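# Survey of secondary and tertiary structure
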Amino acid sequence: MKPVHLLAASIATVAAVPIQPLDKRLVFYTVSNPLLQVVRSVDIAAKCLLFSYGPGTGGGPPSPAGVQGLAHVEIDKAITNAEIAAQAVIDFSDRTVANADTAKLNGLQTLDDYTKLYEGNWGSTSAPTGVSPGLLTNYTQDLSFSMQRLSTNPYAVRRLAPGEILPFIVDDLIVESLAGKDLATLLSEGRLFYADHSGLKDFETEESANYAGGCDAYFYISPANGQFLPLAIRTNYQSNLIYTPADTSDDWMLAKIMFNADDLFMAQFYHFSGSHFVSEAIFQAAVRTLSEEHPVLAILRRLMYGAFGIRPLAANVLFPVGGIIDRHFGYSGRAAEAYSTYLYESGISGAVQNNYFKTNLKRRGLIDFVGGPALTHFPFYEDALPLWNATHTFMTALVNTYYANDAAIVADNEILAWMNEANGPAEAVDFPTKATMNSRAMLIDLLTHVAHLVSTAHHVVNTNALITAGAVLPLNPGALFKPIPTAKGATTIADYLPPVDKCIAYIFNTGLFARPLIAGTDRTIVHMFDDPVMLVRMKPAISTANNVFKVTMEARSAVVKNRGFDSNGLSQGMPFVWKTLDPDVAPWSLTV
Ligand SMILES: *[C@@H]1O[C@H](CO)[C@@H](O)[C@H](O)[C@H]1NC(C)=O
Ligand SMILES: *[C@@H]1O[C@H](CO)[C@@H](O)[C@H](O)[C@H]1NC(C)=O
Ligand SMILES: [Fe+2]
């Protein structure tokens, strides 16, 4: 039974809500205030008894426990499993076609043979936007490889600050012949970038079936034409070879593929910890501190639709001995779990405020850098910014509608309790504190970030991104299938790539993460806030904000959908057409 004054408030505001007749169950969302707090506190305390913390599933911070917590996980598992079951029908059918059509592969003797894996298959069904045009034709170009750092996995690369100690040395004659300047000059001019996967090996506690190096690499902004290009790749394995574009094309291609295998692994567990662990910790703390009548919890419930479904699956099918990670990556499933926990606890992926969209990119020198040239093209930023911006606009409307001023934030006991809970038992990292959550801007930024984590930040490397871009062969295998070379002079690069059956299993698995059935439906980012059941309980300004968001996202989708090659054969400065962040294709929550 709801308190009488709430019902009175409902009657007073209902005139503003045209669609739904007054229903005695319809309670309008309200932020906390002293009058309501006694009743709400009783409800919240009761909820805490039933929704508690258990061990983190698949590593990381706590997962839900208690009768309600476990029930929530079960509901989400059903959502995740239903989506996978529907996708499996499509994916199995693609696999049947692939298995019946292996003659055309020519025994996968050359890298070009690998591109035939996708010919007339997978692309039109399992992959909602098709395999990125150009990725199968232009994969040998250095620009394809380097621009992947700024698109298909935007999480690894950073600019080296002028004056920083160089991680490794490359022969100056070679560097000058490639870049026109030596390494020290590239560094001092703020043109030198670095991606480091050398730490991955530390997480390996057992012999993997497949191989991986643990590569680190330099990239640079070319003084000649402003392009972002690869400069050198170091294997960090035994004789510790350093490859550059001055090597034979076979050796250099092999080096790029070795780096990409590490990079794909890193991207996957960065996302697993950075999107899943982080948003789940924030959400669990909110469930335990915010009333079910709080508009902030309503938004979080919307964003976290189905979100608890994937960690149980990861623990059951990705990480165990002989599981998907063991089969397709160069590191074990146990290494993946330990690495995910490390990325979370160290704050690398786990920090909340320090990984706010622009804060993270600034820290890595990718935007707003003062000591060197700007990136001519930064496809991830270009595509993520409009989504972040529209989300921020929506959250501004939400927060400003419910809080008249900054003082109202500090007066909301539930919001402050959420800060304590997140920093306490929920084990969020670098979360705002009770002391710092003192303005509307702070809450707007925080809510915008949760929306970013469950949409853009997730789907850029997972969901549809795997089969359409980030895990497309031959440039992006999960591992090498022959030991890492200890001398240069490789000639048959295809020998390092997976055999036919492994390739088909690999593409099939990436296909299981794709969600072509969601494209164009009300499950895409366009509809992130478009929940009539939620909106009817919110103030009318929020419905208006939702309409603005939808129109903005639809317009953005048109831009991405119409994207193609320019007269130089480039798109966003890349030799492939990248459509991963089409808001009418990518989902608004993380059920995968
Ligand atoms: C950001 O949103 C504002 C409206 O709030 C709009 O005027 C501006 O053009 C947007 N910028 C981008 C890059 O989307
Ligand atoms: C990339 O491939 C497409 C065909 O898929 C081609 O039209 C385009 O010119 C290529 N771009 C470059 C830079 O070679
Ligand atoms: Fe995921």
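Here is what the cut-offs are and how they apply
- Residues numbered from 1 in each chain as written.
- Chains lettered and ligands numbered in written order.
- Predicted model: local features only at pLDDT ≥ 70, side-chain atom pairs only at ≥ 80, totals over all residues.
- Heavy atoms only, no water.
- Disulfide = S-S within 2.5 Å.
- Buried < 20%, exposed > 50% of the residue type's maximum accessible area, 1.4 Å probe, protein only.
- Core = buried A, V, L, I, M, F, W, Y, C linked by side-chain atoms within 4.5 Å.
- Helix = DSSP H or I, 4+ residues; strand = E, 2+ residues; numbered from the N terminus.
- Contact = heavy atoms within 4.5 Å.
- Axes fitted to C-alpha atoms, helices over the stretch in contact; angles between N-to-C directions.
- Parallel < 35°, antiparallel > 145°, perpendicular 65-115°, else oblique.
- Left-handed = near helix turned anticlockwise from the far one by under 90°.
- Salt bridge = Lys/Arg side-chain N within 4 Å of Asp/Glu carboxyl O.
- Near = heavy atom within 4 Å.
- Polar contact = N/O pair within 3.5 Å; in protein donor to acceptor, adjacent residues only side chain to side chain.
- Nonpolar A, V, L, I, M, F, W, Y, C, P; charged D, E, K, R; others polar.
- Donors = N, O, S within 2.8 Å, 3.2 Å for Na, K, Ca; no water.
- Tetrahedral: all angles 85-135°; square planar, octahedral: opposite > 155°, others 65-115°.

As recorded by an unreviewed UniProt entry, the protein carries the name Manganese lipoxygenase and is attributed to Arthrobotrys flagrans.

### Here we look at the state of the cysteines
In this structure the tally under the stated criterion is zero disulfides. Summary of cysteine pairing: C215 is not part of a disulfide, and the nearest cysteine sulfur, belonging to C503, is at 19 Å. By relative accessible area, which is 0% here, C215 ends up buried.

### Considerations on the nonpolar core
Note on soluble globular proteins: their nonpolar side chains tend to be buried together. Among the nonpolar cores identified, the biggest contains 178 residues, and L117, Y218, M395, W418, L443 and M538 are the most heavily contacted of them. Among the elements that line this core, the one with the most residues is helix α8 (residues 249–287), at 23 residues. In this structure M538 touches Y29, P295, A298, I299, L398 and Y402, once residues within four positions along its chain are discounted.

### A short note on the packing of α8 against helix α16 (residues 413–423)
As a packed pair, α8 and α16 sit with axes 8 Å apart at the nearest point and diverge in direction by 130°. When the axis of α8 is compared with that of α16, the two are oblique. Crossing of α8 over α16 shows right-handed handedness. Along its contact with α8, which presents I282, A285 and A286, the element α16 presents W418, E421 and A422.

### Regarding the pattern of salt bridges
Taken as a whole and judged by the stated rule, the model has 26 salt bridges. In this structure, D142 engages K256 in a salt bridge whose closest nitrogen and oxygen atoms are separated by 2.7 Å. Taken as a pair, D142 in helix α5 (residues 142–148) and K256 in helix α8 lie far apart in primary sequence, 114 residues in all. Residue class for K256 comes out buried when judged on its relative accessible area of 1%. With a shortest N-O distance of 3.0 Å, D263 and R149 are connected by a salt bridge. Of this pair, D263 sits in helix α8 while R149 sits in the loop between α5 and β3 (158–159), placing them 114 residues apart in sequence. The burial state of D263 is the same as that of R149; both residues are buried. Members of the salt-bridge network, linked through shared partners, are K47, E292 and R301.

### Here's the deal with the site of ligand 2
Neighbouring ligand 2 are the residues G134, T137, N138, Q141, F565, N568, G569, L570 and P575. Residue N138 places a side-chain N or O atom 2.5 Å away from an oxygen atom belonging to ligand 2. Taken together, the residues of the shell around ligand 2 sort by class into three nonpolar, six polar and no charged.

### Concerning the environment of A457
Turning to its location among the elements, A457 is positioned in helix α18 (residues 456–459). In this structure, the C-alpha to C-alpha distance between A457 and Y155, residues 302 residues apart in sequence, is 9.5 Å. Setting aside chain neighbours within four positions, we find A457 in contact with Y155, S275 and H452.

### Thoughts on the coordination of the iron ion (ligand 3)
Distances from the iron ion (ligand 3) to its protein donors, H271 (NE2), H276 (NE2), H458 (NE2) and V592 (O), fall at 2.1 to 2.4 Å. Considering all four donor atoms around the iron ion (ligand 3), angles at the metal cover 82 to 172° and the coordination shape is irregular. Summarised as a motif, the one-chain spacing of the donors to the iron ion (ligand 3) is H-x4-H-x181-H-x133-V. With H271 in helix α8 and H458 in helix α18, this residue pair connects regions lying 187 residues apart in the sequence. Residue H458 is classed as buried on the basis of its relative accessible area of 0%.

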